[in-house]
Structure formats: structure tokens, C-alpha cells
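# A structural walkthrough
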Amino acid sequence: MRIIRGQSNLARLGPTLAAGAVTIGNFDGVHCGHQAVLAQVQRLAAEADLTTRVVVFEPQPNEFFAPGNPTPRLTRLAEKLRLFAHFGVDEVLVLRFDDAFAALSAERFIEQILVHGLRVRALVIGDDFRFGQGRDGDFAALQAAGVRFGFDVTRAATFAQAGERVSSTRIRAALAAHRFDAAARMLGRRYCIRGRVVHGRKQGRTIGFPTANIHLGRLQVPLAGIFAVRVHGLGSEPIPGSGYVGTRPVVADNQTVLEVHLFDFAGDLYGRMLEVEFVAFVRGDLPFTSMEKLKEQIARDNAEVRQILDQQPMRRRGEPSSVLPSRNGCVAPGLAAGTEDPMGPGT
């Protein structure tokens, strides 16, 4: 899969690109609904011998317009790209969403990005998609441009489970409510956070519970607290452990972190890329008057986590897998016309 970063690289490569079938959005989570859209793009591409292309924004528009209150991310850019490659996307355009891009008119977006840059011949998009300065561009404008410039515009399909549309918003809500099985059904895989182990304060080792600090690479995450987790990336089988997502009030640094204490494991993890699978919620953050009190609570938490993981098999038959999903990991599909706004808070 080829990754094109920014408008300047797109302008340089545009004349050499093959005609494309394109879709646009945040694709946060690359969930079952997104996977249905990718499959729709791939069908159109196969019918007309086109290259499949996905356009995403970095930062996401909500993060640009509301940096003080961004929508929690399900996946950072690197995770999205890994999933796009897994699902067979040919090329991804990553556009930097900044002041200059926000000021780009709808007409210039169509001509510069879609027509001359991506050489669009088929566009799959939600009928409530808005774009351009002031969100002036809409589905009707794209249809009119398609007639003018010679590309087809197709409404993106909605993916429903049990009569409800799958969306990033619903997945965030499920994770916040610790409904991990429900989130897995909508994602087509168990929910994981993937990141590299970085150096932290190293305070865990001073109280007998060393932790791996995972770089989050996002402004906000959709869950917080103490969790039973399984960590992938250290061998053929995941390693059980206790995970913490939060701001460490006992340390008072106000920075959201992901820390994982691995059970019965010893080794240097710095620089390793790990994937943390969230299995069950244990508790929320608690105030502690001392490190000794924290140490006592961690011991109780770890005992509870071990019990949870011992009682819960790594994967039940028919359940979506963790890490990379299978091509049919999305269960109970139902397709209908229309979709969520790929640039809105629901994606």
C-alpha cells in the first residue's frame, strides 16, 4: 500500500497516478461500517479497473476545531494505515488539516484534490458529507462536479447490527460503558491500543510493579481506569496483565498514559511495538494518600485481574479476534442506503 502525505506530494504525483475509486473520512476505528465502505469502493474499482484510494485527515477535523475538547480516538493514524493495508486498500492520502486546508473552498477541494490529484472516476461518500471552507460543499455539489468532470458519485452503505447503525460514536460509548463484547462486534475485532514502549517515570518498579508505558499518539482515549488486559507482540501467545489508562492523580502530572504491568514476565521492552487488548474493567481511579497505599491497592487489583483472565478464555468460538481482524470478522451485517458524516463527530 502506498501512502501519500500532504497536498504537495499529491500535486507532484498526481499526473502519474492511475484513475481511482475514492472514499473520504476519518475512519476512526476502521470498524464494520468502514469496512463495508471499503468493500464498496473495491467492488467499483474492480468493475472499472481503478485503483482504490482512501483520504484521511491528520489531525482529525474535530481535533483541529476543538483542540481543548477533542473527540476520543479509537485508532491513531498508524493503526488506521495498518488496517487499510490489511483490507487491501491500494493507496491512502493523508491530508494535514490546518488553517490553510480549512480555508480551502469546496470547489478547489474538488478540482485540486479529487480531480487533478486523485484522478477520481468513482467516489463513494455519505449523502450528508460536508467539506470545504465553512462546510459549503455537500453531496449535491459532488454530484454536479461528477457530471462536469466525469466521475460517478455513489452513496456509502450503512452497516447495521441488530437494527442499529454501526458508528464510531456507538463504539466509543460501548467502551466508556466497558461493554467490550459489544465494541468487538462493531469493530470486527477485540478493542486494542497499539503503541511503542517508551520511557516513563519508572516509579512502578520502585514499589514492585514495573510497567510498560505505551505511547498513545492521540489527544484523548475512549476509556479510563484499571483493566484486565492481554498484551500481544511478545511471542506467539498474548501475555496477561493489568492495564491502567488515566492521568495518574497520585503523581499529579495530568498527562493521560497507558501503563501495563505484565504478569510473570521479565525482559527489556523499551522500543517494542505492543498491542494491548482490553478484556474487562476492574475499577476507576482512586485517590491515594501515599505510595504504600497505592502499592496495596495494586496488589489487590492484580489478584482480581488474574482471576478474571483465568475465567475468561482468550477467544470464544465465533467471537471477533484481537489484533488484525479476519475479512469476515464483522457479524450480523445489514446494509442500507446512506451513512454517517465521515467528517462529523460520529466517525
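See above for the structure.
An account of the accompanying structure is given in this report. (Residues numbered from 1 in each chain as written. Predicted model: local features only at pLDDT ≥ 70, side-chain atom pairs only at ≥ 80, totals over all residues. Heavy atoms only, no water.)

## Quick notes on the nonpolar core
If you look at the biggest cluster of nonpolar residues, it comprises 35 residues, and the most contacted ones within it are Leu 258 and Phe 278. With five residues, helix H9 (residues 180-187) is the single largest residue contributor to this core. (Core = buried A, V, L, I, M, F, W, Y, C linked by side-chain atoms within 4.5 Å. Buried < 20%, exposed > 50% of the residue type's maximum accessible area, 1.4 Å probe, protein only. Helix = DSSP H or I, 4+ residues; strand = E, 2+ residues; numbered from the N terminus.)

## Some remarks on the sheet that holds strand E13 (residues 257-262)
Read around the closed barrel, the six strands follow the order E9-E10-E13-E12-E11-E14; overall the barrel is antiparallel. Along the sheet, successive strands turn relative to each other by an average axial angle of 45 degrees, direction set aside. Note that strand E9 (residues 192-198) and strand E14 (residues 273-283) share five bridges and pair antiparallel. Within E14, the residue paired with Arg 194 across the bridge is Glu 275. (Pairing = 2+ DSSP bridges. Axes fitted to C-alpha atoms, helices over the stretch in contact; angles between N-to-C directions.)

## Here's the deal with the pattern of salt bridges
A complete count under the given rule lists 15 salt bridges for this structure. For Arg 155, the salt bridge is made with Asp 127, and the minimal N-O distance between the two is 3.3 Å. Of the two residues, Arg 155 is situated in strand E6 (residues 152-155) and Asp 127 in the loop between strand E5 (120-125) and helix H7 (139-149); the sequence distance between them amounts to 28 residues. Residue classification places Asp 127 among the partly exposed positions, given a relative accessible area of 35%. Here Glu 164 makes a salt bridge to Arg 170, at a shortest N to O gap of 3.8 Å. Within this structure, Arg 2, Arg 53 and Glu 91 form a network of salt bridges that share partners. (Salt bridge = Lys/Arg side-chain N within 4 Å of Asp/Glu carboxyl O.)

## Remarks on helix H2 (residues 32-48)
Each α-helix winds once per 3.6 residues, and so residues spaced three or four apart point in a common direction. Taking 1.5 Å of rise per residue, 17 residues should cover 24 Å, and H2 covers 25 Å from first to last C-alpha, within 8% of that figure. Within H2 the residues assigned to the buried category are Cys 32, Gly 33, His 34, Gln 35, Ala 36, Val 37, Leu 38, Gln 40, Val 41 and Ala 45. Just past H2, the residue Asp 49 takes up positive phi, approximately 55 degrees. (Expected span 1.5 Å × (residues − 1).)

## A short note on the packing of aromatic side chains
Given two aromatic rings, their pairing is described by the distance between the two centres and the angle made by the two planes. Overall, the coordinates contain 14 aromatic pairs when judged by the stated rule. Ring centres of Phe 180 and Phe 227 lie 6.0 Å apart, and the angle between their planes is 80 degrees; this geometry places the pair in the edge-to-face category. Separated by 47 residues along the polypeptide, Phe 180 in helix H9 and Phe 227 in strand E11 (residues 225-232) bring together distant segments of the chain. Under the relative-accessibility criterion, Phe 180 is labelled buried at 4%. The buried category is assigned to Phe 227, whose relative accessible area is 0%. Ring geometry for Phe 227 against Phe 278: centres 5.2 Å apart, planes inclined by 90 degrees, an arrangement best described as edge-to-face. You can see Phe 227 sitting in strand E11 and its partner Phe 278 sitting in strand E14, a full 51 residues away along the chain. The same class applies to Phe 227 and to Phe 278, which are both buried. Taken together, Phe 57, Phe 64, Phe 65, Phe 97, Phe 101, Phe 109, Phe 129 and Phe 131 form an aromatic cluster joined through their ring pairs. The ring of Phe 263 carries the charged tip of Arg 306 above its face, separated from the ring centre by 4.2 Å. (Phe/Tyr/Trp six-rings, centres within 6.5 Å; stacked < 30°, edge-to-face > 60°. Lys NZ or Arg CZ within 6 Å of the ring centre and 35° of its normal.)

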